[in-house]
Structures are given as structure tokens and as C-alpha cells.
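Below, each chain spelled out in residue letters.
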Amino acid sequence: MAKEANATVLQRVDVTPELMILRIVPDGWTLPEFTPGQFGVLGLPGSHPRHEIADPEDPLPVPSGRLIRRAYSVASSSQERQYVEFYISLVRSGALTPRLWTLQTGDHLWMGPKFSGMFTIDRVPAGLDVLLVATGTGLAPYMSMIRSELLNHRERRIGVIHGARHSWDLGYRSELTTLDRLFPGFHYMPIISEPDQEPVPWGGMTGFINERWEEGAFAEILGHRPTPEDTHVFLCGNPMMIEGMIEVLGREGFVEHTKTTPGQIHLERYW
Ligand SMILES: Cc1cc2nc3c(=O)[nH]c(=O)nc-3n(C[C@H](O)[C@H](O)[C@H](O)COP(=O)(O)OP(=O)(O)OC[C@H]3O[C@@H](n4cnc5c(N)ncnc54)[C@H](O)[C@@H]3O)c2cc1C
């Protein structure tokens with residue numbers, strides 16, 4: 001392990017038993033510059049133990065010497081130069097996350113020396129509104145955008161729609177609620193899909209993002225119903241949410257942004 005490890009866990013915050021925020025510091029090298037929305041790569045060797053909460057490795061164990069690497073969107077500000085933050089969910093049957101789950105403050109892991117990715121906000125023309133739509137840890141790239149400098153752009157309105165199963169799965173809720181109160185042009189809308197399991201009745205929005213969108217439920221976030229002429233929409237998280245939203249938005253004239261065709265829908269697929 002010592003050969004590959006080049007970074008140290010500065011802090012771990014457990015949002016739930018299956019959701020954590022990790023702050024990582026490079027060991028004696030400089031954090032790369034990055035654009036908010038980009039991702040880094042974390043790794044541990046196959047010999048690293050899996051957490052007992054996870055499923056046993058099946059069917060073939062990862063060779064002990066092999067470094068298991070996965071991409072993770074940066075959640076911290078690009079202005080933060082000491083550490084980089086990641087928001088990670090446990091995939092119980094997975095190869096890397098059951099190993100990441102054993103990490104505590106002071107433990108070592110591998111972090112890629114470069115951050116990359118095209119899921120950035122600099123491609124949205126100035127003055128247009130932005131809706132950042134996520135489920136689960138798909139919120140991570142938006143936290144970096146918001147924490148970096150997005151809220152300094154007073155000329156545009158910004159909305160975050162964050163879907164999760166339960167209220168306790170809504171990581172960063174208090175930070176986003178505070179920003180919503182402080183910045184008039186910024187709005188945060190959490191939505192949960194299983195309100196019946198809440199111990200305290202949930203007074204907010206419920207159901208699935210694409211269904212609520214079709215009903216026009218998010219118009220109040222921006223103060224108008226979003227159209228392709230005035231709004232760009234970012235989608236990150238559960239593939240079902242992404243596909244559902246592409247379909248709904250497509251019916252309203254929104255087009256996916258690609259390298260060759262400019263559009264108003266921007267995507268990051270985690271799996
Ligand atoms: C650009 C990019 C950025 C990413 N950023 C993040 C991030 O910020 N936070 C984060 O938690 N993950 C993120 N991911 C996903 C991450 O790279 C891993 O895929 C994930 O952590 C699972 O890794 P694993 O080795 O434990 O599971 P694997 O052994 O790789 O996966 C097993 C299977 O689980 C499924 N799966 C993968 N991820 C999930 C998930 N989150 N929920 C349910 N099923 C899943 C897939 O079908 C996969 O084939 C990102 C992926 C990409 C491509």
C-alpha cells in the first residue's frame with residue numbers, strides 16, 4: 001500500500017451509514033487546479049480490507065496488488081487549496097467503496113494527480129439562469145460550483161433541486177438552506193421520494209423530480225417556468241432521473257449539450 005498511497009484523510013463526516021464526506025490532503029504535492037464540476041480519482045489496492053457493512057466480494061476477489069480506481073466529483077471550492085472534498089455513497093456490492101468505508105482520519109489512499117471533466121458551468125452564456133438537478137451524491141459537483149464563485153454572479157438566478165429517498169439522506173442540506181436564506185438569487189428545493197418513512201412529517205416536496213417538473217412545480221425556484229431560451233439545466237445522479245428528465249425537457253424544447261452541438265441540458269453520468 002505504501003507504494004501507491006500519496007494522500008491522507010483529513011476528515012470524514014458520516015451523513016448516514018451509507019453516505020460520507022471525505023476531505024483528502026495530498027502528501028507533499030500540490031493540489032491540482034480544477035474547474036468546479038470536474039472530478040478526481042481515488043484508489044485503494046485490492047489487498048485493502050472491505051468494511052463489514054458491505055457485501056462479501058463476489059464472485060472473484062480483486063487481485064491484492066491491483067489499485068482499484070474510481071472517479072469522484074469534487075465537492076469543495078476550487079479556491080480551497082489545502083484539501084479536496086468528496087461526497088460518496090456506499091455501493092455494498094462494489095469494489096472500491098466498501099474499502100473506502102474503512103478509512104478514518106489519518107489513513108492513507110491514492111489520489112490521481114489531475115482533475116478533469118467537461119461538466120462545468122463556464123459553457124453557460126452569461127445572464128442565463130441555471131438549474132442544478134441531482135439525486136444523491138450527484139449533488140457533489142454543484143457544491144463545488146456554488147462554493148467557488150457561482151453566487152457572485154448576481155445577474156443570473158440559480159436553483160438546486162436535490163432528490164433523495166429520505167430527508168436524512170439530503171447531504172449539505174443545512175449549508176444549502178443557509179445560502180438560500182442569504183442569497184436572494186439562489187434557491188434550494190429538496191424533494192424526497194419516501195415521505196411515509198419520515199418520523200417527523202415532511203412539509204416539503206415529495207415524489208420524483210421528473211414527475212414534479214412536468215407539473216411545473218419548479219417554476220417558483222427561478223420565478224418563472226424555465227424555457228430553453230432563458231435557462232440551462234444540469235443533471236447528475238441516478239440514471240433513471242437523468243433519462244426521465246431528458247425526456248421531459250426534450251418535450252419542452254431543451255436539447256442536450258454536446259461537443260459539437262450547443263444545447264441547454266448538461267449531463268454527468270455516474271454509472
Ligand atoms: C465522472 C464521475 C464522477 C463520479 N462522482 C461520484 C461522486 O461524487 N460520488 C459518488 O458516490 N460516486 C461518484 N461516481 C461513481 C464512482 O466512480 C463509482 O462508480 C462508485 O463509487 C461505485 O464504485 P465501486 O467500486 O464501489 O462499485 P463498482 O464495483 O464500480 O460498481 C458496481 C456497480 O454498482 C453500480 N453503481 C455505481 N455507482 C453507484 C451508485 N452511486 N449507486 C448505485 N449503484 C451504483 C454500477 O452499476 C456498477 O456497475 C462518479 C462516476 C463518474 C464516472
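Scoring rules and cut-offs
Residues numbered from 1 in each chain as written. Predicted model: local features only at pLDDT ≥ 70, side-chain atom pairs only at ≥ 80, totals over all residues. Helix = DSSP H or I, 4+ residues; strand = E, 2+ residues; numbered from the N terminus. Rg over C-alpha atoms; globule rule 2.2 N^0.38 Å. Contact = placed C-beta atoms within 7 Å. Near = placed C-beta within 6 Å. Domains from an automatic or database assignment. Nonpolar A, V, L, I, M, F, W, Y, C, P; charged D, E, K, R; others polar. Pairing = 2+ DSSP bridges. Axes fitted to C-alpha atoms, helices over the stretch in contact; angles between N-to-C directions. Core = buried A, V, L, I, M, F, W, Y, C linked by C-beta atoms within 7 Å. Buried ≥ 20, exposed ≤ 12 C-beta atoms within 10 Å, placed from the backbone. Right-handed = clockwise from strand over helix to strand, strands pointing away.

A.B. asks: If you had to explain the overall build of the chain to someone new, which residues and values would you point to?
C.D. replies: In terms of helices and strands, the chain carries six helices and 12 strands. In terms of C-alpha radius of gyration, the chain reaches 19 Å, essentially the compact-globule figure of 18 Å for 271 residues. Considering only contacts within the chain whose residues lie at least 6 apart along the sequence, 71% involve residues at least 24 apart.

A.B. asks: Could you give an account of the site of the ligand, with specific residues and numbers?
C.D. replies: Near the ligand there are 21 residues, and of these Arg70, Gly94, Leu96, Thr97 and Trp271 occur at the shortest range. The set of elements that each furnish at least two residues to the shell around the ligand consists of β4 (67-73) and β5 (84-89). The residue makeup of the shell around the ligand includes at least three contributed by each of domain 1 (7-111) and domain 2 (121-269).

A.B. asks: Any details on the domain arrangement of the chain? Residues and values, ideally.
C.D. replies: Along its sequence, the chain is organised into domain 1 (7-111) and domain 2 (121-269). Here domain 1 and domain 2 have C-alpha centroids that lie 25 Å from each other. Contact with domain 1, which involves 18 residues of that partner, is made by 15 residues of domain 2. Elements that contribute at least two residues to the side of domain 1 that touches domain 2 include exactly β1 (7-16), β2 (19-26) and β5. The biggest single contributor to the side of domain 1 that touches domain 2 is β5, with four residues. Each residue belonging to the side of domain 1 that touches domain 2 can be placed in one class, and the counts come to nine nonpolar, nine polar and no charged.

A.B. asks: Tell me about the pairing of β1, and name the residues and values.
C.D. replies: On any regular strand, side chains alternate: one points to one face of the sheet, the next to the other face. For β1 and β2, the ladder comprises eight bridges, and the chain directions are antiparallel. Bridge pairing in β2 links Asp14 to Met20. With antiparallel pairing between neighbouring strands as the criterion, β1 and β2 make up a hairpin whose turn holds two residues. Sheet analysis places β1 next to strand β6 (residues 108-111), joined by two bridges and oriented antiparallel. Bridged to Thr8 within β6 is His108.

A.B. asks: Outline the sheet that holds strand β7 (residues 129-135), supporting the account with residue identities and numerical values.
C.D. replies: With parallel pairing, six strands are arranged side by side in an open sheet as β10-β9-β8-β7-β11-β12. Sheet topology places β10 (205-206) and β12 (265-269) at the edges, where each strand pairs with a single neighbour. Both strand β9 (residues 186-192) and β10 contribute to a ladder of two bridges, which runs parallel. Paired with Ile192 across the two strands is Thr206, which belongs to β10. Those strands touched by helix α3 (residues 173-182) are β8 (158-164) and β9, and its axis lies near 140° from that of β9.

A.B. asks: Give me the environment of Arg251: which residues, what numbers.
C.D. replies: Residue position: Arg251 is located in helix α6 (residues 239-251). Sequence separation between Arg251 and His162 is 89 residues, and the spatial gap between their C-alpha atoms is 22 Å.

A.B. asks: I'd like a rundown of the nonpolar core, residues and numbers included.
C.D. replies: In this structure, Phe86 and Val133 are the most contacted members of the largest nonpolar core, which totals 62 residues. Looking at which domains feed residues into this core, each of domain 1 (7-111) and domain 2 (121-269) supplies at least three.

A.B. asks: Could you give an account of the pairing of β7, naming the residues involved and the relevant values?
C.D. replies: In terms of burial, β7 is largely enclosed, as seven of its seven residues are buried. Where β7 lies against strand β11 (residues 231-237), six bridges are found, and the strand directions are parallel. Looking across to β11, one finds that Ala134 is bridged to Cys236. For β7 and β8, the ladder comprises six bridges, and the chain directions are parallel. Looking across to β8, one finds that Val130 is bridged to Ile158. In the classification by handedness, the crossover that spans β7, the intervening helix α2 (residues 140-148) and the parallel β8 is right-handed.

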